[in-house]
Amino acid sequence: MLSEGVTMVLYSIKPRVLIKLCLTGSAVLLGCLCVVMSPAQQPLKTLLVDVDNRPATSLDGNWHYLVDMTGRSLYTPTGEVNDKGYGLNEHPVLVGERKGQEYDFATAPTLRVPGDWNTQDPTLFRYEGVLWYQRDFDYQIKPDMRTFLHIGAANYRSYVWVNQKKICEHEGGFTPYDCEVTAALHSGSNFVVIAVDSTRLVDGIPGLITDWYNYGGLTRDVSLVDVPKAFVDDFDIHLKSKTMDGLAGYVHVVDAPEGTPVTIRIPEAGLDVSAKTDAGGRADFEVAAKNLTLWSPENPKLYKVWIEAAQDSLTDDIGFRDIRVEGTDILLNGKPVFLRGVNAHAEAPYRTGRVDSDKDVAAIFGFLKDLNANFVRLCHYPQDPRMERTADRDGVMIWSEIPIWQHISYDKPSVYAKADAMLHEMIRRDRDKASVILWSVANETPDNSTRTEFLKNLVVEAHKFDATRPVTAALLQPNNPGEIKILTDPLAQALDVVGMNEYVGWYSYTPDQAENIKFQVPQKPIIVSEFGAEAKAGNHGPKDQRWTEEFQLDFYRHNFVMLSKIPQIRGFAPWVLMDFRSPTRNIPLLQDGYNRKGLISEDGKKKQAFFFIQKIYKDHTYGNAD
Ligand code: GCU
């Protein structure tokens, strides 16, 4: 029953005002109910395929940054994300009551995005931990459009706020993600804050130890991408395997009603395909196409493809080729192919740090060309998408890998979920790249049943998600005693192509003993996914003196003889194109924090071994597909 006093008050209010009060009261009530009833609408987080061909507003450039070594501004004491942290982008109150935490991006120094922070500021060279990025940007809301924030890569965990609203987060340093920011944006001045935590985790992928430098930061392009209400977020357009007489695949449209028309046009090939979306937004198609010029290193033909669905349209440059395994052969467009390659880390030539520009990528592909390579293993993680686009144009075949490197927590389902997510992100981002011929699920992992089951499940997943490419992994060199090395790793059974790393003459034996070593390997195509020895560029001496160019050359002389005796060999990938930073390489004057197994030094000096392999690849001295 309402109290005496309240009734009195109510009577004194004019009827019109009373009605208004009731209405607002019920509106508020309703509002609260809605919030209580439906889970907070998490902004859509996805991976926009072919995003680099969409018009976008780049947010690259200088971003303010603040270091938080304690992580207190990001994580609560119990490890949750602190929503009252620097994501609010508040400013210190100089007079009056104190508000918020003590930080201010407005007066903070800046870092270049994209770019690792380690090579931009000497005080951050060895920094691993939480670093906050912030920038303002002007934006005009476009009617009937949705806006996504695209993050090319952020190493390792990252958390995004726009205009104080927590948008999304991501784990994994080498694959992109796209988060919808439509609801958080307003016309005029906006701001974005991204916390990046490069801390290595025992349950991370990679795990705590790597033989590459843990460069932290927003290491790839960041942009805003506008799409219509219903938009294409994923597609697959590939040459039908074996018959190679048609194209097949699908287009997926988000938030499109069933029956939405989709068209795929390839004017140069006279193809114009129509299909309709199903209830899940997917439109499958198949079309005959007999006169396509197939993509190959000799003729890296790309077709301009137009995809239209609902109000959305995008283009892509796609090469059509068939890659599969038959017996011990790798067949490209039905013919056996031999992979003359090398490993390449995403270490920027000359300037070092993470590769993040056309200039970096052009330098790497220049070296691949000089080496007469038709193949590159992008070790050990998905790299800047410019690498795949350049390989598509230059006709270089690619091995792409997720960073399951040696030891991770194979016994944890949560870690399997991370690996599965990274695998799907890698495949989804580069499914449309003809140059990518192999998906790799791991490198040099311990041969035990928990690991084997973990990786076998990933292989199955990769085949399910992309049935058009063989799956591989780099296995550890067999180290059984004696001169006949037998590769018995059970994971090999699940692989279409077997990668074998071997360091006979470096980590075991001496180079000249290599020619006595024989390998027994499965009846599958074998790629020697790593072999190499260290040399400090310009360091010369007798060929049995380690870290000299003469030793490295001698290593390769003997290794190619040893390896060419393996009949199943279908590819070589010497370790490694260029010297690269590694926290585990600490011999002063010889290594100085670099893995020196490069055929080229970090500042571009070609070592003797480079020219030896250049000639082998030119003359096809070793390794012929047939
Ligand atoms: C390993 C590993 C590489 C490493 C190389 C080396 O096999 O896969 O990541 O850098 O060998 O020891 O130089």
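Below or above, wherever it landed, is the structure these notes cover.

## Let's talk about the overall build of the chain
Working step 1: Broken down by element type, the chain carries nine helices and 35 strands.
Working step 2: Taken over the C-alpha trace, the chain has a radius of gyration of 28 Å; the compact-globule value for 626 residues is 25 Å, and the two agree within 12%.
Working step 3: Counting over 626 residues, the chain shows a buried share of 57%.
Working step 4: Pairs at least 24 residues apart make up 72% of the contacts formed inside the chain by residues separated by at least 6 positions.
Working step 5: With an accessible surface of roughly 26,000 Å², the chain has 57% of that area assigned to carbon and sulfur atoms.
Working step 6: Considering the chain, the positive charge centre built from 68 side chains and the negative charge centre built from 83 side chains are found 1 Å apart.

## Re helix α9 (residues 608-619)
Each α-helix turn comprises 3.6 residues. Residues three or four places apart therefore point the same way.
Working step 1: Over its twelve residues, α9 runs 17 Å from end to end, which matches the ideal 16 Å to within 8%, given 1.5 Å per residue.
Working step 2: Those residues of α9 that sit buried are Ala609, Phe610, Phe612, Ile613, Ile616 and Tyr617. Projected down its long axis, α9 carries its buried residues within an arc of 165 degrees, all on one side. Residues of α9 that are exposed and point over 90 degrees away from its buried face: Lys615 and Lys618.
Working step 3: Positive phi shows up at His620, right after α9, with a value of about 55 degrees.

## Quick notes on the pattern of salt bridges
Between side chains of opposite charge, pairing is possible as soon as their charged atoms come close.
Working step 1: Under the criterion given, the structure shown has 48 salt bridges.
Working step 2: Notably, a salt bridge pairs Arg146 with Glu180, separated by 2.9 Å at the nearest N-O pair. Separated by 34 residues along the polypeptide, Arg146 in strand β6 (residues 145-151) and Glu180 in strand β10 (residues 177-180) bring together distant segments of the chain.
Working step 3: You can call Glu180 buried: its relative accessible area is 13%.
Working step 4: Three or more residues are tied together by salt bridges with common partners; here these are Asp50, Asp52, Asp316, Glu388, Arg389, Arg429, Asp430, Asp432 and Lys433.

## Let's talk about the site of the ligand
Working step 1: Within the structure, the ligand sits among 14 residues, and Asp211, Glu444, Tyr507, Glu530 and Lys597 are positioned closest to it.
Working step 2: Within the side chain of Arg585, an N or O atom sits 3.0 Å from an oxygen atom of the ligand.
Working step 3: For the ligand, whose accessible area on its own is 310 Å², the fraction buried by protein is 96%.

## Some thoughts on the layout of surface pockets
Working step 1: Computed from the structure, the second largest pocket encloses a volume of approximately 390 Å³.
Working step 2: Around the second largest pocket sit 25 residues that line it, and Val51, Asp52, His150, Asp221 and Pro385 are the ones nearest its centre.
Working step 3: Going through the elements one at a time, β2 (56-58), β13 (222-228) and α4 (385-394) are the ones with two or more residues in the lining of the second largest pocket.
Working step 4: Taken together, the residues that form the lining of the second largest pocket break down as nine nonpolar, four polar and twelve charged.

## Quick look at the environment of Arg596
Working step 1: Relative to the helices and strands, Arg596 resides in the loop between β35 (594-595) and α9.
Working step 2: Given the relative accessible area of 3%, Arg596 is considered buried.
Working step 3: Sequence spacing of Arg596 and Ile616 is 20 residues, and the spatial spacing of their C-alpha atoms is 22 Å.
Working step 4: Look past the residues within four positions of Arg596 in its chain and what remains in contact with it is Ala533, Glu534, Ala535, Lys536, Trp547, Gln552, Asp579, Leu590, Gln591, Glu602 and Lys607.

## Considering the state of the cysteines
Working step 1: All chains considered together, the criterion is met by one disulfide.
Working step 2: A sulfur-sulfur separation of 2.1 Å characterises the disulfide bridge that pairs Cys168 with Cys179. Where Cys168 bonds to Cys179 through sulfur, the torsion about that S-S bond is close to 95 degrees, and the disulfide is right-handed. In this pair, Cys168 sits in strand β9 (residues 165-171) while Cys179 sits in strand β10, placing the two residues eleven residues apart along the sequence. The residues Cys168 and Cys179 share a single accessibility class, namely buried.

## Observations regarding the sheet that holds strand β8 (residues 157-162)
Working step 1: Strand order in the open sheet made by the six strands is β4-β3-β5-β11-β8-β9, with antiparallel pairing throughout. Of all strands in the sheet, those bounded by a partner on one side alone are β4 (110-113) and β9. Within the sheet, the average angular offset between the axes of one strand and its neighbour, ignoring direction, is 30 degrees.

## Some words on the side chain of Asp178
Working step 1: Note that Asp178 resides in strand β10.
Working step 2: One buried charged residue, Asp178, remains without a salt bridge, the closest side chain of opposite sign being Arg428 at 7.3 Å.
Working step 3: Polar side-chain contacts of Asp178 include one of 2.8 Å to the backbone nitrogen of Leu48.
Working step 4: Leaving out residues up to four positions away in the same chain, Asp178 has contacts with Leu44, Lys45, Thr46, Leu47, Leu48, Val51, Phe148, Leu149 and His150.

## Re the sheet that holds strand β18 (residues 282-288)
Think of a sheet as strands paired side by side through backbone hydrogen bonds, with each pair either parallel or antiparallel.
Working step 1: Taking strand neighbours across the sheet as the criterion, the three strands line up as β14-β15-β18 in an open arrangement whose pairing is antiparallel. Since the sheet does not close on itself, it has two edges, and those belong to β14 (231-239) and β18, each with one partner. The average undirected angle you get between the axes of adjacent strands in this sheet is 15 degrees.
Working step 2: Strand direction decides the pairing type here: strand β15 (residues 246-254) and β18, joined by seven bridges, are antiparallel. Within β18, the residue paired with Gly249 across the bridge is Phe285.

## So, the side chain of Asp226
Working step 1: By the secondary structure assignment, Asp226 is in strand β13.
Working step 2: Side chain to side chain, Asp226 and Lys142 meet in a polar contact 2.9 Å long.
Working step 3: At 2.7 Å, the side chain of Asp226 forms a polar contact with the side chain of Thr147.
Working step 4: Not counting chain neighbours up to four residues away, the residues in contact with Asp226 comprise Pro55, Tyr139, Lys142, Met145, Arg146 and Thr147.

## Considerations on the packing of helix α3 (residues 358-370) against α4
Working step 1: As a packed pair, α3 and α4 sit with axes 10 Å apart at the nearest point and diverge in direction by 45 degrees. As summarised for this structure, α3 and α4 are arranged oblique, according to the angle between their axes. Of the two elements, α3 crosses α4, and the hand of that crossing is right-handed. Contacts between α3 and α4 involve Asp358, Val361, Ile364 and Phe365 from the former and Arg386, Met387, Thr390, Ala391 and Asp394 from the latter.

What counts, and where the lines are drawn
- Residues numbered from 1 in each chain as written.
- Predicted model: local features only at pLDDT ≥ 70, side-chain atom pairs only at ≥ 80, totals over all residues.
- Heavy atoms only, no water.
- Helix = DSSP H or I, 4+ residues; strand = E, 2+ residues; numbered from the N terminus.
- Rg over C-alpha atoms; globule rule 2.2 N^0.38 Å.
- Buried < 20%, exposed > 50% of the residue type's maximum accessible area, 1.4 Å probe, protein only.
- Contact = heavy atoms within 4.5 Å.
- Areas by Shrake-Rupley, 256 points an atom, 1.4 Å probe, with all protein chains shown as cover.
- Lys, Arg positive; Asp, Glu negative; His and termini not counted.
- Charge placed at Lys NZ, Arg CZ, Asp CG, Glu CD.
- Expected span 1.5 Å × (residues − 1).
- Arc of directions from axis to C-beta.
- Salt bridge = Lys/Arg side-chain N within 4 Å of Asp/Glu carboxyl O.
- Near = heavy atom within 4 Å.
- Polar contact = N/O pair within 3.5 Å; in protein donor to acceptor, adjacent residues only side chain to side chain.
- 1 Å grid on protein atoms, 1.4 Å probe; cavity = no way out; pocket = protein on both sides within 12 Å on 5 of 7 lines; lining within 4 Å.
- Points joined across faces, edges and corners; volume = space filled by probe spheres on them.
- Nonpolar A, V, L, I, M, F, W, Y, C, P; charged D, E, K, R; others polar.
- Disulfide = S-S within 2.5 Å.
- Pairing = 2+ DSSP bridges.
- Axes fitted to C-alpha atoms, helices over the stretch in contact; angles between N-to-C directions.
- Parallel < 35°, antiparallel > 145°, perpendicular 65-115°, else oblique.
- Left-handed = near helix turned anticlockwise from the far one by under 90°.

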